[in-house]
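# What the coordinates show
One-letter residues, chain by chain:
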Amino acid sequence: MAAEAGGPSFLARFLLVLLGIAFFGAAWVWARKDTDPRAARLVERVSGKPQQGAASP
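The sections below set out a description of the structure shown in this document.

Basis of the calculations
- Residues numbered from 1 in each chain as written.
- Predicted model: local features only at pLDDT ≥ 70, side-chain atom pairs only at ≥ 80, totals over all residues.
- Heavy atoms only, no water.
- Helix = DSSP H or I, 4+ residues; strand = E, 2+ residues; numbered from the N terminus.
- Buried < 20%, exposed > 50% of the residue type's maximum accessible area, 1.4 Å probe, protein only.
- Areas by Shrake-Rupley, 256 points an atom, 1.4 Å probe, with all protein chains shown as cover.
- Phe/Tyr/Trp six-rings, centres within 6.5 Å; stacked < 30°, edge-to-face > 60°.
- Salt bridge = Lys/Arg side-chain N within 4 Å of Asp/Glu carboxyl O.
- Axes fitted to C-alpha atoms, helices over the stretch in contact; angles between N-to-C directions.
- Left-handed = near helix turned anticlockwise from the far one by under 90°.
- Contact = heavy atoms within 4.5 Å.
- Nonpolar A, V, L, I, M, F, W, Y, C, P; charged D, E, K, R; others polar.
- Patch = residues over 30% accessible without salt bridge, like charges linked within 9 Å, V, L, I, M, F, W, Y side chains within 5 Å.

## Description of the overall build of the protein chain
- Looking only at helices and strands, the protein chain features 2 helices and 0 strands.
- Relative to its 57 residues, the protein chain shows a buried fraction of 12%.
- Summed over all atoms, the accessible surface of the protein chain reaches about 4900 Å², with 68% contributed by carbon and sulfur.

## Topic: the packing of aromatic side chains
- Counted according to the given criterion, the structure contains 2 aromatic pairs.
- Pairing Phe-10 with Phe-14 gives two aromatic rings, centres 6.1 Å apart and planes at 15 degrees, and the pair type is stacked. Of this pair, Phe-10 and Phe-14 are both found in helix α1 (residues 10–32), 4 residues apart, which corresponds to roughly one turn of the helix.
- Relative to Phe-24, the ring of Phe-23 lies with its centre 5.5 Å away and its plane at 75 degrees, an arrangement referred to as edge-to-face. Comparing Phe-23 with Phe-24, the two get one shared label, exposed.

## Some details on the pattern of salt bridges
- This model, assessed by the stated rule, comprises 3 salt bridges.
- Salt-bridge contacts for Lys-33 lead to Asp-34; the nearest nitrogen and oxygen are separated by 3.8 Å.
- In this structure Asp-34 comes out as partly exposed when scored by relative accessible area, which is 46%.
- Put simply, Arg-32, Asp-36 and Arg-38 are held in one network by salt bridges that share partners.

## Observations regarding the packing of α1 against helix α2 (residues 37–47)
- Packing of α1 against α2 leaves a shortest axis separation of 8 Å and a crossing angle of 115 degrees. Viewed along their axes, α1 and α2 form a crossing whose handedness is left-handed. Together, Val-29, Trp-30 and Arg-32 of α1 and Ala-39, Leu-42 and Val-43 of α2 make up the contact between the two elements.
- Split by residue class, the contact of α1 with α2 holds 5 nonpolar, no polar and 1 charged.

## Quick word on a nonpolar patch on the surface
- Taken together, the side chains of Phe-10, Leu-11, Phe-14, Leu-15, Val-17, Leu-18 and Ile-21 present a nonpolar region at the surface, about 730 Å² in accessible area.
- Looking at the element boundaries, Ile-21 is found in helix α1.

Right, here's the structure in full:
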């Protein structure tokens, strides 16, 4: 009985954890876009705009 009123379900918590991991992963790649050519290409591919950084010739 107490477990039913204990907050969000397992699936909701799992989705929140995945969203958090995705957010921090995107922030990490964004922070490295100026020094890492692979990160710059990934940001360029996702955003659709050329970035000023390591991937620019």
